[in-house]
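Survey of secondary and tertiary structure
So the chains spell out like this:
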Amino acid sequence: MFLLRALLYLIVVSVVAILIDMEGYQLHTHAQYSEHTLTEHLQDLLTFSSCMLFLWAAKLDKASNIIGKILAALLAMMFVRESDSLLDLHAFDGAWQMLVCMIFIGLLCSLRGQFSQVYKALKAYTTLPSYGVFLSGFITLVAFSRLMGRGSLWHSVMGEQYVRIVKNIVEEGTETLGYTLILLSAIELVISAYKKRKQTANS
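What you see is a predicted model, and the numbers here were worked out from it, not measured in a lab.

Points about the overall build of the chain
From N to C terminus, the chain includes 9 helices and 0 strands. For the chain, the sequential pattern of α-helices and β-strands runs α-α-α-α-α-α-α-α-α. Here the chain, with 203 residues, has 40% of them falling under the buried criterion. Considering only contacts in the chain between residues 6 or more positions apart, those separated by 24 or more positions represent 71%. Placing the 16 positive and 15 negative side-chain charges of the chain at their respective mean positions leaves the two points 20 Å apart.

Written as structure tokens, this is what we have:
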């Protein structure tokens, strides 16, 4: 079973890489890898899907309820942040900050009466396979992609031949990889929650 899961995850990561490549192959020198592109929309899809899966895990099993809601809220905030340009265009400037605050307040309300159990839930989460995958994806997203996407690095490497698209491909590509790993961690949490629910039903 674990070999099948590894194969499926390999396929998922490969498909994501192919989708990122498609923009370059289709648009050639006109590819931008910026806002409103296939790669950006793919990130939105991955973020939204992860949010829904974490919510599903929260509903499947009581033990996964707290961590599922926390991670779902975090991914919802990320989804809103990725949609900041659309919100600025169709709503108002700074709309994403307001939505993020609302999500955070909603999370606090949903955890009312459970705050004393948050640390225990987080500690229990570190023992699950989902944790390692999530941590890898989160670090890739917030640290590695940002450091690899520094303009100063690419100016240093390319000099007068600096081409912004190269920086964008590296930054957006590694960012998408981070979101993909987070999606896989959400799938792992759903699997763990389903197994626990099944064990509880059989006991």
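The discussion continues.
What about the packing of aromatic side chains?
Taken as a whole and assessed by the stated rule, the structure comprises 4 aromatic pairs. Judged by centre distance (5.8 Å) and plane angle (85 degrees), the rings of Tyr 125 and Tyr 131 are edge-to-face. Accessibility expressed as a relative area gives 28% for Tyr 131, which makes it partly exposed. Centre to centre, the rings of Phe 134 and Phe 138 are 5.9 Å apart; their planes meet at 15 degrees, and the pair counts as stacked. Separated by 4 residues within a single helix, Phe 134 and Phe 138 lie in helix α7 (residues 129–148), roughly one turn from each other. Overall, Phe 138 belongs to the partly exposed group, its relative accessible area being 26%. A network of ring pairs unites the aromatic residues Phe 54, Phe 134 and Phe 138 as a single cluster.

What about the pattern of salt bridges?
Side-chain pairs of opposite charge can arise where the charged atoms are in close proximity. All chains considered together, the criterion is met by 3 salt bridges. Measuring nitrogen to oxygen at the nearest pair gives 3.1 Å for the salt bridge that ties Arg 146 to Glu 175. Of this pair, Arg 146 sits in helix α7 while Glu 175 sits in helix α9 (residues 164–202); the two residues are 29 residues apart in sequence, bridging distant segments of the chain. The exposure class of Arg 146 is partly exposed, given its relative accessible area of 39%.

Remarks on the packing of helix α8 (residues 151–158) against α9
As a packed pair, α8 and α9 sit with axes 10 Å apart at the nearest point and diverge in direction by 130 degrees. Considering the angle they form, α8 stands oblique to α9. Helix-helix and strand crossings are classified by hand; for α8 and α9 the assignment is right-handed. Only Val 166, Lys 167 and Val 170 of α9 make contact with α8, whose side of the interface consists of Gly 151, Trp 154 and Met 158. Considering only residue class, the contact of α8 with α9 consists of 4 nonpolar, 1 polar and 1 charged.

Parameters and conventions
- Residues numbered from 1 in each chain as written.
- Predicted model: local features only at pLDDT ≥ 70, side-chain atom pairs only at ≥ 80, totals over all residues.
- Heavy atoms only, no water.
- Helix = DSSP H or I, 4+ residues; strand = E, 2+ residues; numbered from the N terminus.
- Buried < 20%, exposed > 50% of the residue type's maximum accessible area, 1.4 Å probe, protein only.
- Contact = heavy atoms within 4.5 Å.
- Lys, Arg positive; Asp, Glu negative; His and termini not counted.
- Charge placed at Lys NZ, Arg CZ, Asp CG, Glu CD.
- Phe/Tyr/Trp six-rings, centres within 6.5 Å; stacked < 30°, edge-to-face > 60°.
- Salt bridge = Lys/Arg side-chain N within 4 Å of Asp/Glu carboxyl O.
- Axes fitted to C-alpha atoms, helices over the stretch in contact; angles between N-to-C directions.
- Parallel < 35°, antiparallel > 145°, perpendicular 65-115°, else oblique.
- Left-handed = near helix turned anticlockwise from the far one by under 90°.
- Nonpolar A, V, L, I, M, F, W, Y, C, P; charged D, E, K, R; others polar.

Keep in mind these numbers describe shape, not what the thing actually does.
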